[in-house]
Amino acid sequence: MAFIIEMIFRDAGDVRRSIHVAHRDYWKRLADQGVLIGGGLVGDGSAAMLLCQAADEQAVRELIRADPYIRSHVIAELRVRQWHVLMGVPQVERPEPALVRPRDGQAVDAIDHDPLTPHERRIALMMLEGKTNRQIAEHFSVSTRAVELHITRIYRKLEIGRRAQLAAAMSWGQGQRSYL
């Protein structure tokens, strides 16, 4: 799913300038992972807009909470809206090498190969598209329990604990959404 994030700044220019590099580096890492599609200042620089891909709004809000601007309270108003793309598709290319975010929160280069098997990757992509465990099971004509076991392995391999963390842990782009 695509989400638009609007951040309206407080009049805290000095504080904002002092943490600008940390803010930019944070979102650059997410762009490298394919989560941030684009972003920048709006109009006179009193606000910023970001376009992200995530499994759901909760996942986006978790990403926002880690933004240095949010942690430093320089944002006066924050809006998050799901964007239903009706025409055109945001073009995102998979970065090389892919980045994985382990439990300590630091982005590191992934191993040269994908940690997930092709089948696990298909399941993970379906999860990112918002499919339920039951829908995934029906797609593959297997039991819900079989899907749950695959999801457990996916979480273990990506070192995450819940579905909302999946988008940030995976590097995925436009060409990798297909699971057929």
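Reading the values: rules and limits
Residues numbered from 1 in each chain as written. Predicted model: local features only at pLDDT ≥ 70, side-chain atom pairs only at ≥ 80, totals over all residues. Heavy atoms only, no water. Helix = DSSP H or I, 4+ residues; strand = E, 2+ residues; numbered from the N terminus. Buried < 20%, exposed > 50% of the residue type's maximum accessible area, 1.4 Å probe, protein only. Contact = heavy atoms within 4.5 Å. Areas by Shrake-Rupley, 256 points an atom, 1.4 Å probe, with all protein chains shown as cover. pLDDT = per-residue confidence, 0-100. Pairing = 2+ DSSP bridges. Axes fitted to C-alpha atoms, helices over the stretch in contact; angles between N-to-C directions. Parallel < 35°, antiparallel > 145°, perpendicular 65-115°, else oblique. Core = buried A, V, L, I, M, F, W, Y, C linked by side-chain atoms within 4.5 Å.

**Student:** Just give me the short version of the overall build of the protein chain, but keep the residues and values in it.
**Tutor:** Helices and strands together make up the secondary structure of the protein chain, namely 7 helices and 6 strands. Reading the protein chain from its N terminus to its C terminus gives the helix and strand order β-α-β-β-α-α-β-β-β-α-α-α-α. Looking at the 180 residues of the protein chain, the share that counts as buried comes to 41%. Expressed as a percentage of contacts within the protein chain between residues at least 6 apart in sequence, the contacts between residues at least 24 apart total 70%. Put simply, the protein chain shows about 10,100 Å² of open surface, and 52% of that area lies on carbon and sulfur atoms.

**Student:** Mind laying out the confidence of the model for the protein chain, listing which residues take part and the relevant values?
**Tutor:** Here the protein chain shows a mean pLDDT of 77. Residues at 70 or above account for 77%. Overall, residues 91–103 carries pLDDT values under 50, and its contacts beyond four positions in sequence, including any with other chains, amount to 40 contacts. The low-confidence segment residues 106–113, where pLDDT is below 50, has 16 contacts with residues more than four positions distant or belonging to other chains.

**Student:** Tell me about the pairing of strand 2 (residues 36–42), residues and numbers included.
**Tutor:** Both strand 2 and strand 3 (residues 47–53) contribute to a ladder of 6 bridges, which runs antiparallel. Paired with Val42 across the strands is Ala47, a residue of strand 3. If you look at the hairpin formed by strand 2 and strand 3, you'll find 4 residues sitting between the two strands, and Gly43 has a positive phi there, around 50°.

**Student:** Got a sec to walk through the sheet that holds strand 3? Specific residues and values, please.
**Tutor:** With antiparallel pairing, the 4 strands of this open sheet are ordered in space as 2-3-1-4. At either margin of the open sheet sits one strand with a lone partner, and together these are strand 2 and strand 4 (75–83). Neighbour-to-neighbour, the strand axes of the sheet open up by a mean angle of 15°, direction not taken into account. Bridge count between strand 1 (residues 2–9) and strand 3: 7 bridges; the pairing is antiparallel. Bridge assignment links Met7 to a residue of strand 3, and that residue is Ala48. Strand contacts of helix 2 (residues 57–65): strand 1 and strand 4, with the helix running at about 150° to strand 4, the strand carrying the most contacts.

**Student:** Tell me about the environment of Trp27, and name the residues and values.
**Tutor:** The topology assignment puts Trp27 in helix 1 (residues 13–32). C-alpha of Trp27 to C-alpha of Ile64: the two residues are 37 residues apart in sequence and 9.6 Å apart in space. When sequence neighbours within four positions are dropped, the list of residues in contact with Trp27 reads Ile5, Met7, Leu36, Leu50, Cys52 and Asp67.

**Student:** I'd like a description of the packing of helix 5 (residues 133–140) against helix 6 (residues 144–158), backed by residues and values.
**Tutor:** Working note: a packed helix pair is described by the angle between its axes plus the distance between those axes. Here helix 5 crosses helix 6 at 110°, and the two axes come no closer than 8 Å. Here helix 6 runs roughly perpendicular to helix 5, going by the angle between their axes. Where helix 5 approaches helix 6, its residues Asn133, Arg134, Ile136 and Ala137 are matched on the opposing element by Thr144, Val147, Glu148 and Ile151.

**Student:** Could you give an account of unusual backbone geometry, with specific residues and numbers?
**Tutor:** One non-glycine residue with positive phi stands out, namely Ser141, at about 55°. With respect to the helices, strands and loops of the structure, Ser141 is situated in the loop between helix 5 and helix 6. Among the residues examined, Ser141 registers a relative accessible area of 65% and is labelled exposed. A positive phi angle is found at Glu159, which is not glycine, with a value near 55°. Among the secondary structure elements, Glu159 is positioned in the loop between helix 6 and helix 7 (166–169).

**Student:** Got a sec to walk through the environment of Gly40? Specific residues and values, please.
**Tutor:** Within the element layout of this structure, Gly40 appears in strand 2. Expressed as a C-alpha distance, the spacing of Gly40 and Arg24, which sit 16 residues apart in the sequence, is 10.0 Å. Once residues within four sequence positions are removed from consideration, Gly40 is found in contact with Ala47, Ala48 and Met49.

**Student:** Talk me through the nonpolar core; I want residue IDs and the actual numbers.
**Tutor:** Of all hydrophobic cores here, the largest spans 44 residues; its most connected members are Ile5, Trp27, Ile154, Leu158, Leu166 and Met170. When neighbours within four sequence positions are excluded, Ile154 is seen to be in contact with Leu116, Glu120, Ile123, Ala124 and Leu166.

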